[in-house]
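Residue-level structure breakdown
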Amino acid sequence: MRKIVFVVFLASLAMLFVGTGCTDKKTTSDVSVSVDTMLTDTLGTDSMEALIEDEPMPKAADELFDDFIFNFAANRRLQSERTDYPVNVDTYGKLSKVEKSKWGMEHFFMRQGYYTLVFNSASQLDVVKDTAISSVYVEKISFAKRKVTRWQFNRVLGLWKMQGVRIMALTKHEDASFLRFYNNFVTNPDIQSVSIAESVSFSGPDPEDDFSRMTGELMAEQVPAFLPWMPSGTLYNIHYGDQPYKPSNTRIFVVRGIANGMESELTFQKKSGGWMLTKLNT
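Keep in mind the model is a prediction, meaning the values are calculated, not measured. Per chain, residues are indexed from 1 in the order of the written sequence. Owing to the predicted nature of the model, reporting of local features is limited to residues with pLDDT of at least 70; listing and counting of side-chain atom pairs is limited to 80 or more, with chain, interface and lining totals taken over all residues. Where side-chain values are given, they derive from all heavy atoms of the structure, hydrogens and water being excluded.

Considering the pairing of strand E4 (residues 114-119)
Exposure categories follow from relative accessible area, calculated using a 1.4 Å probe and restricted to protein chains: below 20% of the type maximum is buried, above 50% is exposed, and the middle band is partly exposed. Comment: elements are numbered from the N terminus, with helices defined as DSSP H or I runs of at least four residues and strands as E runs of at least two. Of all six residues in E4, six are buried; the element is thus mostly enclosed. Alternating residues of E4 divide into Tyr114, Thr116 and Val118 and Tyr115, Leu117 and Phe119, and every residue in both groups is buried. Paired strands are those between which DSSP finds at least two bridges. The sheet contact formed by E4 and strand E11 (residues 250-257) spans six bridges and is antiparallel. Residue Phe119 lies in a different strand from E11, and its bridge partner there is Ile252.

A word on the environment of Gly273
Assignment of secondary structure puts Gly273 in the loop between strand E12 (263-271) and strand E13 (274-281). The sequence separation of Gly273 and Asn249 amounts to 24 residues, and the corresponding C-alpha distance is 9.4 Å.

Digging into the side chain of Gln192
Inspection of the secondary structure assignment puts Gln192 in helix H6 (residues 189-193). Taking relative accessible area as the criterion, Gln192 reaches 16% and is therefore assigned buried. Here, residues are in contact when the closest pair of their heavy atoms is within 4.5 Å. With residues up to four places along the chain from it excluded, the contact list for Gln192 reads Phe185, Val186, Leu227 and Met230.

A look at the confidence of the model for the chain
For every residue, the pLDDT score states the predictor's confidence, bounded by 0 at the bottom and 100 at the top. The pLDDT averaged across the chain works out to 82; a share of 79% of its residues lies at or above 70. Mean pLDDT values for the elements of the chain range from 36 in helix H1 (residues 10-15) up to 98 in strand E2 (residues 87-91). Low pLDDT (under 50) marks residues 1-43, which in the prediction has 94 contacts with non-local residues, meaning those over four places away or in another chain.

Details of the pattern of salt bridges
Whenever a carboxyl oxygen of Asp or Glu lies within 4 Å of a side-chain nitrogen of Lys or Arg, that contact is scored as a salt bridge. As enumerated under the stated definition, the model contains five salt bridges in all. Close ionic contact of Arg82 with Asp62 constitutes a salt bridge, the shortest N to O distance being 2.9 Å. Residue Arg82 is found in the loop between helix H4 (76-81) and E2, and its partner Asp62 is found in the loop between helix H2 (43-54) and helix H3 (65-74); the two are separated by 20 residues along the sequence. You'll find Arg82 and Asp62 in the same group, each marked buried.

Some remarks on unusual backbone geometry
A cis amide bond links Tyr85 to the next residue, Pro86, at an omega of -10 degrees. By the element assignment, Pro86 lies in the loop between H4 and E2. With phi around 50 degrees, Tyr92 is a residue other than glycine that occupies positive phi space. With respect to the helices and strands, Tyr92 occurs in the loop between E2 and strand E3 (94-98). Phi at Ser272 takes a positive value of approximately 55 degrees, unusual for a residue other than glycine. Note on placement: Ser272 falls in the loop between E12 and E13.

Focus: the packing of aromatic side chains
Here is the rule: rings of Phe, Tyr and Trp (six-membered ring for Trp) pair when centre to centre is within 6.5 Å. Planes less than 30 degrees apart are stacked, more than 60 are edge-to-face, and the remainder are tilted. Applying the stated criterion to the full structure yields 24 aromatic pairs. Ring centres of Trp151 and Tyr236 lie 6.4 Å apart, and the angle between their planes is 25 degrees; on these two criteria the pair is classed as stacked. Residue Trp151 is found in strand E6 (residues 147-156), and its partner Tyr236 is found in strand E10 (residues 234-240); the two are separated by 85 residues along the sequence. The exposure class assigned to Tyr236 is buried, which follows from its relative accessible area of 0%. When the centroid spacing of 4.0 Å and the interplanar angle of 20 degrees are considered together, the rings of Tyr182 and Phe253 count as stacked. On the criterion of sequence distance, the pair formed by Tyr182 in helix H5 (residues 176-187) and Phe253 in strand E11 is long-range, its members being 71 residues apart. Taking the relative accessible area as the measure of exposure, Tyr182 reaches 0% and is therefore buried.

Thoughts on H5
For a helix, the expected span equals 1.5 Å multiplied by the residue count minus one. Counted at 1.5 Å a residue, the expected span for H5 with its twelve residues is 16 Å, and the 17 Å between its end C-alpha atoms agrees. Buried within H5 are the following residues: Ala176, Phe178, Leu179, Phe181, Tyr182, Asn183 and Phe185.

A word on the nonpolar core
Counting 38 residues, the largest nonpolar core has Phe65, Phe108, Phe109, Phe153, Ile238 and Tyr240 as the members making the most contacts within it. Elements that contribute at least two residues to this core include exactly H3, E2, E4, strand E5 (135-142), E6, strand E7 (159-169), E10 and E11. Counting residues per element, this core draws most heavily on H3, which supplies seven residues. When near neighbours in sequence (up to four residues on either side) are disregarded, Phe65 contacts Val136, Val138, Phe153, Trp160, Ile238 and Tyr240. The next biggest cluster of nonpolar side chains, apart from the first, holds 30 residues, and it includes Val118, Ile141, Phe178 and Val223. What we call a nonpolar core is a set of buried Ala, Val, Leu, Ile, Met, Phe, Trp, Tyr and Cys residues that are connected through their side-chain atoms within 4.5 Å.

Structure follows, in structure tokens:
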């Protein structure tokens, strides 16, 4: 892989990372019908949903949660079969149960075409391939509403099942401080400009060669031209149960596309009490 020539191709490389925004779908209740984010469907995600809906889920899909959740989010019949009714719902500490007849189809991140993961260290990146994982939750993080909706999945006798929902204030989230920083980093240019390290490690596609990657160091003022599209407003995040939130000065924020192959990785380090972008991998 060759080193970066910073003065060339800035604009063309930045064009590779253009994404789309998102808006919330309003619902009549937090616990009765689907609370997913409805966005303009892409041909890729529509085709994927149609394909999954028409085919039975392979038994092997229960080995990895990633394989299961795509089927669960797109297949209405499977979602009904793998949800424990009545659904136990914790809404800001108030417990209730929702019967099957009042529970709607939940598409999660399928309609927006991407999801996120947040890790405390590089060693956690492989957790998504761990077939021994038995507890995972998918959470919808709404910064505007300062709310988190969390769906709990457990593997029971070898089968993944959705076994409960928790709705809570964003301030109650175990990683609330970093999440607020991330949203400010994306939406506030002033905060972003002071939250980039003087030197940022970079790895990304070579605009001159589709089969090569470029590696090197970016100076802080060069980083904005190389930043990928980063979601804001509402996130769908997957958190693996054996991936605990713990005191750490590292956060690796991963954005993964569903149908377009997009993936980006931003590493932040806490320095002098503040988070700084130190590594970018696209």
